[in-house]
Amino acid sequence: SPDEKEKARKLTEAEKKRLEEFEKISERMKGEGYRRVDLTVSIVWANVFAIILLAPVLAAGIWAFIARNGASALMTRPETAFISIAALIVMVVVHELIHGLSWAPFTGSGFKDIEFGFMKQYLTPYCTCRVPLKKGQYIFGTLTPLVILGIVPMVWGVLAGSFTLLFLGIIMTTSAAGDILVVWNLLRYKSGAQTVVYMDHPTQAGGVIFER
């Protein structure tokens, strides 16, 4: 299955080191009476979900834009398309940086506990936090890029009559499909444990819960 292929992918040396550290933490948590629950997300499914998400987000964005600014405002200059493509490349990198900046205040050692990587098999950059977090902190860091790079530009684009901003917001909203799935997994999992610790998986998309 795609999920098993992702778990079996060849890791970089940095990923191997992170995974070893993570497994040590996991064993220590188990020794302290915690149960481990994996809530990771398949990259393949995240990409499929992004395609599914594109249609309603695009429809809603264009409808709101036309309703406020008229259909004629959809016209854009050719050079704007090149600027948009360049902006998207930069925003993909900034997306991961925002994850790190959003988690860093809660880690204890700041940005030192944040690491970045790239899954070349799936052309997917990623950011991971090496230490446990509280539920709200983990969700905050996961969804912040969606809000800053996706929702805000969409709303701004509609209000300002800028189709370029709207377009960038739509693409960045759908590109956060994996983040949405990660949070959805966390929210729908109902733990009856008294103590629950949340941790980002070092080499896969999504998180792991330790509960007791």
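Quick notes on the rules
- Residues numbered from 1 in each chain as written.
- Predicted model: local features only at pLDDT ≥ 70, side-chain atom pairs only at ≥ 80, totals over all residues.
- Heavy atoms only, no water.
- Helix = DSSP H or I, 4+ residues; strand = E, 2+ residues; numbered from the N terminus.
- Buried < 20%, exposed > 50% of the residue type's maximum accessible area, 1.4 Å probe, protein only.
- Contact = heavy atoms within 4.5 Å.
- Areas by Shrake-Rupley, 256 points an atom, 1.4 Å probe, with all protein chains shown as cover.
- Lys, Arg positive; Asp, Glu negative; His and termini not counted.
- Charge placed at Lys NZ, Arg CZ, Asp CG, Glu CD.
- Patch = residues over 30% accessible without salt bridge, like charges linked within 9 Å, V, L, I, M, F, W, Y side chains within 5 Å.
- Salt bridge = Lys/Arg side-chain N within 4 Å of Asp/Glu carboxyl O.
- Phe/Tyr/Trp six-rings, centres within 6.5 Å; stacked < 30°, edge-to-face > 60°.
- 1 Å grid on protein atoms, 1.4 Å probe; cavity = no way out; pocket = protein on both sides within 12 Å on 5 of 7 lines; lining within 4 Å.
- Points joined across faces, edges and corners; volume = space filled by probe spheres on them.
- Nonpolar A, V, L, I, M, F, W, Y, C, P; charged D, E, K, R; others polar.
- Pairing = 2+ DSSP bridges.
- Core = buried A, V, L, I, M, F, W, Y, C linked by side-chain atoms within 4.5 Å.

> Where do I start with the overall build of the protein chain in this structure?
Along the backbone of the protein chain there are 7 helices and 5 strands. Projected onto its principal axes, the C-alpha coordinates of the protein chain cover approximately 65 × 35 × 35 Å. Residues counted as buried form 42% of the 212 residues belonging to the protein chain. Put simply, 70% of the contacts in the protein chain that link residues at least 6 apart link residues at least 24 apart. Looking at the protein chain as shown, the accessible area adds up to about 11400 Å², and 67% of this sits on carbon and sulfur atoms. Positive and negative charge centroids in the protein chain, built from 22 and 18 side chains respectively, lie 3 Å apart.

> What is the right way to look at a nonpolar patch on the surface in this model?
A surface patch of nonpolar side chains, amounting to about 630 Å² of accessible area, comprises Val147, Ile148, Ile151, Val152, Val155, Trp156 and Leu159. Classification of Ile148 as partly exposed rests on a relative accessible area of 42%.

> Would you take a moment to explain the packing of aromatic side chains for this structure?
Any two aromatic rings considered together are summarised by their centre-to-centre distance and by the angle between their planes. One pass over the structure, following the stated rule, counts 5 aromatic pairs. Plain terms: the ring middles of Phe106 and Phe140 are 6.1 Å apart, the flat faces sit at 85 degrees to each other, and that makes the pair edge-to-face. Taken together, the residues span a long stretch of sequence, with Phe106 in the loop between helix H4 (78-103) and strand E2 (114-119) and Phe140 in helix H5 (residues 135-160) at a distance of 34 residues. Relative accessible area serves as the criterion here: at 44%, Phe140 is assigned to the partly exposed category.

> When you look at empty space enclosed by the protein in this model, what are you seeing that I'm missing?
Unfilled space is identified by rolling a water-sized probe across the atoms. Inspection of the entire model under this criterion finds 1 cavity of 30 Å³ or more. Put simply, the largest cavity is a space of about 40 Å³. In this structure, the largest cavity is lined by 10 residues; those nearest its centre are Glu6, Ile43, Thr203, Gln204 and Ala205. With 3 residues, helix H1 (residues 2-7) is the single largest residue contributor to the lining of the largest cavity. Looking at the lining of the largest cavity, its residues break down into 4 nonpolar, 2 polar and 4 charged.

> Even after reading the chapter, I still don't get the pairing of strand E4 (residues 196-200), so can you show me in this structure?
Both faces of the sheet carry side chains from a regular strand, because those side chains alternate between them. Burial analysis of E4 places 4 of its 5 residues in the buried class, the great majority of the element. Examined bridge by bridge, E4 and strand E5 (residues 205-211) share 5 bridges and lie antiparallel to one another. If you follow Asp200 over to E5, its bridge partner there is Gly207. A loop of 4 residues connects E4 with E5, the two strands running antiparallel in sequence.

> Looking at this model, I keep getting lost on the nonpolar core. Mind explaining?
With 29 residues, the main nonpolar core has Trp103, Ile114, Cys129, Tyr138, Leu166, Leu186 and Ile209 as its most contacted residues. Of all the secondary-structure elements, those providing two or more residues to this core are strand E1 (35-41), helix H3 (43-69), strand E3 (124-129), H5, helix H6 (163-174) and helix H7 (177-188). Those residues in contact with Trp103, other than ones at most four positions away along the chain, are Ile114, Cys127, Thr128, Cys129, Leu133, Gln137, Tyr138, Gly141, Thr142 and Asp200. With 8 residues, the next largest nonpolar core counts Phe22, Tyr34, Val208 and Phe210 among its residues.

> Is there a simple way to think about the layout of surface pockets in this case?
Roughly 740 Å³ of internal volume is contained in the largest pocket. Around the largest pocket, the lining is made up of 37 residues, and of these His95, Glu96, Thr124, Pro125 and Ser175 lie nearest the centre. At the level of secondary structure, the elements contributing two or more residues to the lining of the largest pocket comprise H3, H4, E2, E3, H5, H6, H7 and E5. Considering every element that reaches the lining of the largest pocket, the biggest residue donor is H4, with 6 residues.

Shape descriptors only; they carry no functional weight alone.
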